Amino acid sequence: MTVQSCSCTPQRLGRTLCNPLLLLYISLLFLLTWLPWTQGRDVKPVKEKYLPDYTVYHNLTQVGAHMQELAQKFPAYLRLDTNYRSRNGRPQYVLRVSNFSGSYSIQHSTEVGLTPVKARILLAYGEHAREFFPVESMFHLLLNLTGGLTSPEGSHSKAYTSEILSKIDLFIVAIVNPDGRQHVERTKNYCWRGTSTGVDLNRNFDWQFGGPGSSGDPEDEEYRGAAAFSEPECFVLTDLVTKFQFDAFLSLHSGTRDIYLPFSDSQSKHDQRKPKNLADQMRLAKLLSDAMVPEFQHGIGYELNQYTADGTSFDYMAGVKELPFSLAVEMWGDRDSPSKRCFDLFNPPNKDLQTALDEVQPMYETLFSYLSYWKERQVRSPFGVIEEPSMSFMYFCLAMTVLFVVFVCMHRHLPSSLRAFPKRRVISINRLWMMWRD
C-alpha cells in the first residue's frame, strides 16, 4: 500500500506528523478518550471534584425523616405510604399530595352525577442512585407547596397553594431506588447508577426490553438485568398506574437540560413511531422549556438523543399504559465530557444547590397549571377529548362555503331543466273553474 507524502515544513516534522502509524495511534487515542462519554460509563469510582455536604443535600436517612415530618405536619394535604419496598426492604416513600377535605369541580353532567376535576400526576425521583439533584428538587417543591398553607389569608403564596392543591392530585415516589442510593453513600462511589444488583431501572421496564439501547454487561451503567421487571423496585410504578388513572407521568433525572417525549427505544427510532396525544405533549414540553432559563431542549427521545434507550419507564407508561402525557426530564447539567467526574456531572456544588433549585421551580408551576387546564377541557367536552380542527378541515369548510355561495348566485341564471328547483306553472282555482266551464 502506498501512502502519499504530505507537504509539511519543516521537513522532519512533516515526516513525523505524516507517519501512518502515528496517525493511527492518534485516532485510536481520540476514540478511547471520547467514546466512553458518548456511549456510557462503567460503574467504577473516580476521584471527584467535590462531594455532597449532608447539611445541604439529604442523605437516605434524612430523606425518610423529612418525608415523615411533612406528612405529620400537614395530614389534611399529605398522605405517606411506606408499604412499597426495594429488594432489600427499604421504603420508597410514596407521598400523595392533594386537598383531601375538598376539591375543585366542574358541573359536568353524567349518569352518575357530578364529576370532580383533578389532574392526576405521578412524579418519579431517584431511579438512578447517583442523581441527588432531582430528589432535592422534590423537597423544594414540597416546601413551596406546603409553605402556602401557613401563609396569611389573602397572600399570593396562600392563593397559589390553594389553587394547586385543589386542582391537582399529585403522587410522588420520593426515591425509586433506595438500595442504590445506600450503595452510593456507603461506598462513596458516585458513579453508581443502578440498584443493589447493578441493574439500571430505566432499562428494566417491559417496553422493547433487551434492545441495543441497553446492555447485557453487569459492569455497564446501562445493564438491563436478566429480564424485564427483574428488579422489585419497578413494582411501585407499575402498581400505582394499575390502581389509579393518571393523566401524566414524569421521570425526573439530571445530567443535562432536556425534556424527552416518547419514544426513545431502538425499534421506535427504526419505525419512526410517535406517541398518542403528540400535539398536547409537545405543547406541554415547549411550555416547560420556555419556563426555564436557559431554555431546555425538548423533543421525541430518539430524535433529541444520539443514542437510543430501551426499556425506559416513560416509554412504558406511554406505550403500554397509554397515559396521555409521559415525559422524562433531565433537570440540571451540562452533558458529559472528559473533564467531568461523576457527582459534578449530575449534581451542582453545595454552594450552588439553592440557586439551581430556584431555577427549576417554574417548571413545576407550569406543569401544574397546564395539566389542570388540560383536564378541565377534557371534562367539558361531551366526548372526553377535544381535538383542534386541522388546517385541511378548515380549508375544506371554506371551499364548501365558496361553492355554495357561487351556486346560489348562479342558480337563477340556469335553464329551468338544470335548476335544483325548477319553476313550475301555478294555476289558480278560478282559472281551473273557467277552464272547466269552457
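That block above? That's the structure.
These lines cover the structure that appears in this document, whether it is placed above or below. All figures in this text were calculated on a predicted structure; none of them were measured in a lab.

## A closer look at unusual backbone geometry
Then step 1. At the junction of Pro262 and Phe263, the peptide bond is cis and its omega measures out at 10° in the coordinates.
Then step 2. Take Phe263: it is sitting in the loop between strand S8 (258-261) and helix H8 (266-271).
Then step 3. Here Val293 and Pro294 are connected by a cis peptide whose omega angle stands at -5°.
Then step 4. A positive phi angle is found at Gln208, which is not glycine, with a value near 55°.
Then step 5. By secondary structure assignment, the location of Gln208 is in the loop between helix H6 (178-187) and helix H7 (235-243).
Then step 6. A relative accessible area of 30% means that Gln208 is categorised as partly exposed.
Then step 7. For Glu322, which is not a glycine, the phi torsion comes out positive at approximately 55°.
Then step 8. By the element assignment, Glu322 lies in the loop between helix H11 (313-319) and strand S10 (325-330).
Then step 9. You can call Glu322 partly exposed: its relative accessible area is 47%.

## Some remarks on the sheet that holds strand S1 (residues 78-81)
Then step 1. Sheet architecture is open: eight strands sit in the order S1-S2-S6-S5-S7-S10-S8-S9, paired in mixed fashion. One side of each edge strand has no neighbouring strand; the edge strands of this open sheet are S1 and strand S9 (297-300). Taken pair by pair, the neighbouring strands of this sheet meet at an average axis angle of 20°, ignoring direction.
Then step 2. Summarising the sheet, S8 and S10 pair through three bridges and their orientation is antiparallel. Bridging from a neighbouring strand, Ile259 pairs with Val329 of S10.
Then step 3. Against the sheet, helix H5 (residues 156-167) engages strand S2 (94-97), strand S5 (119-124) and strand S6 (168-173), with an angle of about 85° to S6.

## Examining the nonpolar core
Then step 1. Counting 67 residues, the largest nonpolar core has Leu123 and Leu170 as its most contacted members.
Then step 2. In terms of residues, this core owes the most to one element, helix H13 (residues 353-380), which gives eleven residues.
Then step 3. If near-sequence neighbours (up to four positions away) are discounted, Leu123 is found in contact with Leu141, Leu170, Phe171, Ile172, Val173, Leu250, Leu252, Tyr364 and Leu367.
Then step 4. By size, the runner-up hydrophobic cluster in this structure holds 25 residues, among which are Trp207, Leu240, Met317 and Ala328.

## Re empty space enclosed by the protein
Then step 1. Scanning the entire structure with this criterion turns up one cavity of 30 Å³ or more.
Then step 2. If you add up the space inside the largest cavity, you get close to 60 Å³.
Then step 3. The wall of the largest cavity is formed by Phe133, Arg257, Met292, Val293, Pro294, Phe296, Met331, Trp332, Ala356, Glu359 and Val360.
Then step 4. Among the elements that line the lining of the largest cavity, the one with the most residues is H13, at three residues.
Then step 5. Taken together, the residues of the lining of the largest cavity sort by class into nine nonpolar, no polar and two charged.

## Regarding the packing of helix H4 (residues 133-147) against H13
Then step 1. At a closest axis distance of 9 Å, the pairing of H4 and H13 adopts a crossing angle of 65°. The angle between the axes of H4 and H13 places the two elements in the roughly perpendicular class. Between H4 and H13 the crossing geometry is right-handed. Residue-level contacts link Phe133, Glu136, Ser137, Met138, His140, Leu141 and Asn144 of H4 to Leu353, Gln354, Ala356, Leu357, Asp358, Val360, Gln361, Tyr364 and Phe368 of H13.
Then step 2. Partitioning the contact of H4 with H13 into residue classes produces nine nonpolar, five polar and two charged.

## Describing the pattern of salt bridges
Then step 1. Following the criterion strictly, the structure yields 22 salt bridges and no others.
Then step 2. When the shortest N-O distance is used, the salt bridge between Glu221 and Arg130 registers 2.9 Å. Of this pair, Glu221 sits in the loop between H6 and H7 while Arg130 sits in the loop between S5 and H4, and the two are 91 residues apart along the sequence. The pair Glu221 / Arg130 is uniform in exposure class, with both members buried.
Then step 3. Between Lys276 and Glu322 there is a salt bridge; the shortest N-O distance is 3.2 Å. Here Lys276 is found in the loop between H8 and helix H9 (278-291), whereas its partner Glu322 is found in the loop between H11 and S10, with 46 residues between them in sequence.

## Examining the pairing of S8
Along any regular strand, the residues point their side chains to alternate faces of the sheet.
Then step 1. Taking every second residue as pointing to the same face, both faces of S8 are buried, with Asp258 and Tyr260 on one and Ile259 and Leu261 on the other.
Then step 2. Sheet topology note: the S8/S9 ladder contains four bridges and is parallel. Note on S9: the bridge partner recorded for Ile259 is His298.

## Some words on the environment of Asp220
Then step 1. The topology assignment puts Asp220 in the loop between H6 and H7.
Then step 2. For the pair Asp220 and Val43, spaced 177 residues apart in sequence, the C-alpha separation works out to 6.5 Å.

Cut-offs and rules
Residues numbered from 1 in each chain as written. Predicted model: local features only at pLDDT ≥ 70, side-chain atom pairs only at ≥ 80, totals over all residues. Heavy atoms only, no water. Helix = DSSP H or I, 4+ residues; strand = E, 2+ residues; numbered from the N terminus. Buried < 20%, exposed > 50% of the residue type's maximum accessible area, 1.4 Å probe, protein only. Pairing = 2+ DSSP bridges. Axes fitted to C-alpha atoms, helices over the stretch in contact; angles between N-to-C directions. Contact = heavy atoms within 4.5 Å. Core = buried A, V, L, I, M, F, W, Y, C linked by side-chain atoms within 4.5 Å. 1 Å grid on protein atoms, 1.4 Å probe; cavity = no way out; pocket = protein on both sides within 12 Å on 5 of 7 lines; lining within 4 Å. Points joined across faces, edges and corners; volume = space filled by probe spheres on them. Nonpolar A, V, L, I, M, F, W, Y, C, P; charged D, E, K, R; others polar. Parallel < 35°, antiparallel > 145°, perpendicular 65-115°, else oblique. Left-handed = near helix turned anticlockwise from the far one by under 90°. Salt bridge = Lys/Arg side-chain N within 4 Å of Asp/Glu carboxyl O.

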